[in-house]
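Structural overview
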Amino acid sequence: CIRDRRFARLPIPKIAAMNGNAYGGGVELGLCCEFRLGVKDMKIMVPAAKFGLCYPISGIRRFVSRVGPAAARRILVSAETIDAADLLRMGYLQRICEVGELAGQADELARDISRLAPMAVIAMLKMIERVALGTLDERQAQQWVGQCNSSEDLQEGLEAALAKREPEFQGR
């Protein structure tokens, strides 16, 4: 879906706080996020194969790049219902929370990430995605590394570490 692709391509870390079950495209929408937190009783299921539908290649790429071929086969080909514990083991979820803690955990993760150097975070997200897809351009990756390593943010991070204070990153 075009909307999913645009959302997935936003150049910022995205967090899915999944407060219940996800089916079909909702499962893939979760994969558009770099971080997925779920609740203990949640389950997912992608019923495409039950209907005779072959999942679109863009979605299959996303499943394989985010959770690997074995988990992608389990989710897409077996069309089984998978619980939170298995989702955590297979890498679909990064964390399982109590229902009442989910929003707070997601907010805390967002705050923690927002305190990091934005250039470095975004560069690493791009490289991780491209490595997973097998499309990393080494020259482009070296440019991103070089930009981060010559940034004001790196200087600020090193100075803050020496001064034992929190850095104030500017994204420059």
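Data block above holds the structure.
These remarks concern the structure in this document. Residue numbers restart at each chain and count upward from 1, following the sequence in its written direction. Reporting of local features is limited, given that this is a predicted model, to residues whose pLDDT is at least 70; pairs of side-chain atoms are given and counted only at 80 or more, and all residues count toward the totals for whole chains, interfaces and linings. Note that water and hydrogens are dropped before the side-chain values are worked out from all heavy atoms of the structure.

A closer look at the packing of helix α4 (residues 57-77) against helix α7 (residues 118-133)
Lines fitted to C-alpha atoms define the axes here, with helix axes fitted over just the stretch in contact, and angles between the N-to-C directions of these axes take values from 0 to 180 degrees. Secondary structure elements are taken from DSSP: a helix is a run of H or I of four residues or more, a strand is a run of E of two residues or more, and numbering for both begins at the N terminus. Between α4 and α7, the shortest axis-to-axis distance is 9 Å and the interhelical angle comes to 110°. Our classification of the angle between α4 and α7 gives roughly perpendicular. Of the residues in α7, those in contact with R61, S65 and R66 of α4 are E129, A132 and L133. Think of it as three bins: nonpolar holds Ala, Val, Leu, Ile, Met, Phe, Trp, Tyr, Cys and Pro, charged holds Asp, Glu, Lys and Arg, and polar takes everything else, Gly as well. Of the residues assigned to the contact of α4 with α7, the class counts are two nonpolar, one polar and three charged. Note on terminology: angles under 35 degrees are roughly parallel, angles over 145 are roughly antiparallel, angles of 65 to 115 are roughly perpendicular, and the others are oblique. Contacts were defined at the residue level, with two residues in contact if any of their heavy atoms lie within 4.5 Å.

Overview of the sheet that holds strand β5 (residues 82-83)
Sheet strands line up and pair through hydrogen bonds in the backbone, either parallel or antiparallel. Taken together, three strands build an open sheet; the order of strands is β2-β4-β5 and the sheet is mixed. Because the sheet does not close on itself, it has two edges, and the strands there are β2 (22-23) and β5. As paired elements, strand β4 (residues 43-45) and β5 share two bridges and run antiparallel to each other. Among the inter-strand pairings, K43 is bridged to a residue of β5, identified as D83. Criterion used throughout: strands pair if DSSP finds at least two bridges between them.

Let's talk about the side chain of S65
Relative to the helices and strands, S65 resides in helix α4. In this view, S65 contacts E129, A132 and L133; residues no more than four positions away in its chain are not counted.

Some thoughts on the nonpolar core
Only buried residues count toward a nonpolar core, which is a set of Ala, Val, Leu, Ile, Met, Phe, Trp, Tyr and Cys residues joined through side-chain atoms within 4.5 Å. Note on exposure labels: buried denotes an accessible area under 20% of the residue type's maximum, exposed denotes more than 50%, and partly exposed covers the range between, all computed with a 1.4 Å probe on protein chains only. Counting 31 residues, the largest nonpolar core has I44, F63, I75 and Y92 as its most contacted members. Mapped onto this core, the elements with two or more residues apiece are β1 (15-18), α2 (25-31), β3 (35-39), α4, α5 (84-90) and α6 (102-114). With six residues, the top contributor of residues to this core is α4. Ignoring sequence-local partners within four residues, the contact set of F63 consists of V27, E28, L31, V46, Y55, G68, A72, I75 and L76. Membership of the second largest hydrophobic core comes to five residues, among which are A123, M127, A141 and W144.

Focus: the packing of aromatic side chains
Remark: the centre distance and the inter-plane angle together describe each pair of aromatic rings, the angle taken between the planes. For this analysis, a ring pair means two rings from Phe, Tyr or Trp (six-membered ring only for Trp) whose centres lie within 6.5 Å, classed as stacked if their planes differ by under 30 degrees, edge-to-face if by over 60, and tilted for the remaining angles. In this structure the tally under the stated criterion is one aromatic pair. Ring geometry for Y55 and F63: centres 5.6 Å apart, planes at 85°, overall edge-to-face. Both residues of the pair, Y55 and F63, belong to the buried class. Lying over the aromatic face of Y92, R36 brings its terminal NZ or CZ to 5.1 Å of the ring centre. Ring-over charges, as used throughout, are those where CZ of Arg or NZ of Lys falls within 6 Å of the ring centre and within 35 degrees of the ring normal.

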